[in-house]
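# Tertiary structure, described
Residue strings, one per chain:
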Amino acid sequence: MIETKGYAAQSADTDLAPWAFERREVGPHDVQFDILFCGVCHSDLHQIKNDWFPGIFPMVPGHEIVGRVVKVGDHVKKFKVGDLAGTGCLVDSCQVCENCKKDLEQYCLEGSTGTYNSLERDGKTPTYGGYSNTIVVREEFVLHVSDKLNLAAVAPLLCAGITTYSPLRHWKVGKGHKLAVLGLGGLGHMAVKFGVAFGAEVTVLSTSPKKEEDARKLGAHNFVVTTDEAQVKAAMGTFDFILDTVSAEHDFKMYLSLLRTDGTMICVGVPSKPAEIPAFSLLGGRKSVAGSGIGGIAETQEMLDFCAAHNIVSEIEMIDMKDIHTAYERMEKGDVRYRFVIDMATL
Ligand SMILES: [Zn+2]
Ligand SMILES: [Zn+2]
């Protein structure tokens, strides 16, 4: 077994604290890489607090992981010692179901294996995430990371990046489309960057007028303050797509009124309460509400390669491991531009 250091929550009502644990030995198809940086996703906090479902404890969060390969199994072909590597939200899936065969491992019909707070395919071994010094992952779920980009700022691409890239690609959002990005946080700021890179006209919808300057710096063409009635009225019926990244409760009826005929509102945020969607808001204009969850491995690699080619990374604030509690407090208040990344050398 591989002795590993990390930060874990021992239960839903205890804070993260240093914890030593073991990872499996590197198998013939496994890659072991030492973790250099790990992004802090809002879902880390939701999961250690049992907000969505009862978690598996002790829990080592973290699924925006980048590092350097230190060991590979005998049958590993795509990686060698010294390569940069990354892992996102998934470390395994059945590999044989209809969805896995279509490179949609995130929708594995047998249930995919999450990077943490999940069980290996044996149904009993817990997985532990990236708030740790090293990780062992089967080759198929390890991504190649370019050395051209700031490695720390690449980490959030593994969740925030792919979660916004995948739906924009699926719905072929690009030139000639008006895209609204709802919420300018970790996900939203990546949605703006990708929307602009794909050629769409991008508008940020936000309750906070203070975010306009940042939105424009990120490349957004327009900004609508959603608490300003006149601005909302002017935007009604104008968008082909709304990418909804908000995890707090919000008024779907109002946002659906901003879509033009045949427009689609794509949800990637996860509010804890179900939304109310009046049928009239949909049938008046043949509108759709859709959802999208992270992305498959092939598409995640495509996204990382696209980012390397177009010089796209996340906007980050680097933190030491011991400052994770303050980072969570600030994240809960939406006070982060736009993703915390842990420098794992400080573990
Ligand atoms: Zn995440
Ligand atoms: Zn599957």
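An account of the accompanying structure is given in this report.

What counts and how
Counting restarts for each chain: residues are numbered from 1 in the order of the written sequence. Here every chain gets a letter starting at A, and every ligand a number starting at 1, in the order they are written. For a predicted model such as this one, the threshold for reporting local features is a pLDDT of at least 70, and the threshold for listing and counting side-chain atom pairs is 80 or more; totals across whole chains, interfaces and linings nevertheless cover every residue. Heavy atoms from the whole structure form the basis of all side-chain values; hydrogens and water molecules are not counted. Take the buried Ala, Val, Leu, Ile, Met, Phe, Trp, Tyr and Cys residues and link them wherever side-chain atoms come within 4.5 Å; each set so joined is a nonpolar core. With a 1.4 Å probe rolled over the protein chains alone, any residue whose accessible area is under 20% of its type maximum counts as buried; one over 50% counts as exposed, and the rest are partly exposed. For the purposes of this entry, the term helix denotes a DSSP run of H or I that reaches at least four residues, the term strand denotes a run of E that reaches at least two, and both are numbered from the N terminus. A domain assignment, automatic or from a database, supplies the domain bounds used here. Throughout this description, the term salt bridge denotes a Lys or Arg side-chain nitrogen within 4 Å of a carboxyl oxygen of Asp or Glu. In what follows, residue pairs with any heavy atoms lying within 4.5 Å of each other are defined as contacts. In this analysis, rings of Phe, Tyr and Trp, with Trp reduced to its six-membered ring, are considered paired at centre separations within 6.5 Å, and the interplanar angle assigns stacked below 30 degrees, edge-to-face beyond 60, and tilted for intermediate values. Cation placement over rings: the criterion is NZ of Lys or CZ of Arg within 6 Å of the ring centroid and within 35° of the ring normal. By this rule the span expected of a helix is its residue count minus one, scaled by 1.5 Å. Listed donors are limited to N, O and S atoms within 2.8 Å of the metal, widened to 3.2 Å for Na, K and Ca; water is not among them, so incomplete-looking sites are possible. In short, tetrahedral needs four donors with all angles between 85 and 135 degrees, square planar needs four and octahedral six donors with opposite donors over 155 degrees apart and all other angles between 65 and 115, and whatever is left is irregular. Only strands joined by at least two bridges in the DSSP assignment are considered to pair. In this analysis an axis means a line fitted to C-alpha atoms, helices contributing only their contacting stretch, and an angle means the value between N-to-C directions, from 0 to 180 degrees.

Turning our eyes to something else, we now look at the nonpolar core. Counting 90 residues, the largest nonpolar core has F33, V40, Y131, L179, F194, I324 and Y328 as the members making the most contacts within it. For this core, the element with the highest residue contribution is strand β3 (residues 30-40), accounting for six residues. Taken together, domain 1 (2-158 + 314-346) and domain 2 (161-291) each give at least three residues to this core, which thus spans both. Ranked by size, the runner-up nonpolar core spans 17 residues in total, among them I242, V246, L256 and M265.

The next point concerns the pattern of salt bridges. In total, this model carries 20 salt bridges according to the counting rule given. D335 is the salt-bridge partner of R330, the closest N and O atoms lying 2.9 Å from each other. By relative accessible area, which is 24% here, R330 ends up partly exposed. Accessibility expressed as a relative area gives 37% for D335, which makes it partly exposed.

Before going further, it helps to examine helix α4 (residues 160-170). Every α-helix winds through 3.6 residues per turn, so residues three or four apart in the chain are directed the same way. Judged by how many residues are buried, α4 sits mostly within the fold: nine of 11 residues are covered. Along α4, the residues classified as buried are A160, G161, I162, T163, T164, Y165, S166, P167 and L168. Next to the buried residues of α4 lie β10 (178-182), α5 (186-197), β13 (239-244), β14 (259-267), α10 (297-310) and β17 (339-343). Of the residues flanking the end of α4, it is K172, one or two places downstream, whose phi is positive at about 50 degrees.

This part covers the packing of aromatic side chains. The final tally for this structure, using the stated rule, is nine aromatic pairs. Centre to centre, the rings of F194 and F306 are 6.4 Å apart; their planes meet at 55 degrees, and the pair counts as tilted. Here F194, found in helix α5, pairs with F306, found in helix α10; they are 112 residues apart in sequence, far enough to count as distant. Overall, the relative accessible area of 12% leaves F306 in the buried class. These aromatic residues form a ring-pair network of at least three members: Y165, F194, F198 and F306. Note that R169 overlies the ring of F306, its terminal NZ or CZ placed 5.2 Å from the centroid.

For α10, which comprises 14 residues, the first-to-last C-alpha distance of 20 Å matches the rise-based estimate of 20 Å (1.5 Å per residue) to within 8%. What α10 keeps buried is the set I297, E299, T300, Q301, M303, L304, F306 and C307. Looking at the buried positions of α10, the neighbouring elements they touch are β9 (143-144), α3 (151-154), α4 and α5. Positive backbone phi, approximately 55 degrees, marks N311, located one or two places after α10.

Here we come to the coordination of the zinc ion (ligand 1). The protein atoms that coordinate the zinc ion (ligand 1) are C41 (SG), H63 (NE2) and C159 (SG), at distances spanning 2.0 to 2.2 Å. Mapping the donors of the zinc ion (ligand 1) onto the primary sequence gives the spacing C-x21-H-x95-C. One end of the pair, C41, is in the loop between β3 and α1 (42-48); the other, C159, is in the loop between α3 and α4, with 118 residues separating them in the sequence.

It is worth spelling out the coordination of the zinc ion (ligand 2) at this point. Listed as protein donors to the zinc ion (ligand 2) are C94 (SG), C97 (SG), C100 (SG) and C108 (SG); their distances from the metal cover 2.3 to 2.4 Å. Viewed at the metal, the four donor atoms of the zinc ion (ligand 2) are separated by angles of 104 to 121 degrees, and the geometry they form is tetrahedral. Taken in chain order, the donor set of the zinc ion (ligand 2) reads C-x2-C-x2-C-x7-C. Residue C94 is located in the loop between β6 (90-92) and α2 (98-101), and its partner C108 is located in the loop between α2 and β7 (113-114); the two are separated by 14 residues in the primary sequence.

Turning our attention to the sheet that holds strand β11 (residues 201-206). Spatially, six strands are ordered β12-β11-β10-β13-β14-β15 in an open sheet, and the strand pairing comes out parallel. What marks the edges here is a single partner per strand, and that holds for β12 (222-225) and β15 (288-291). Going across the sheet, the axis of each strand differs from the next one's by a mean of 20 degrees, ignoring polarity. As judged from the five bridges shared by β10 and β11, these two strands associate in the parallel manner. Residue L179 lies in a different strand from β11, and its bridge partner there is V202. Packing of α5 onto the sheet brings it into contact with β10, β11 and β13, and relative to β10 it is tilted by some 165 degrees.

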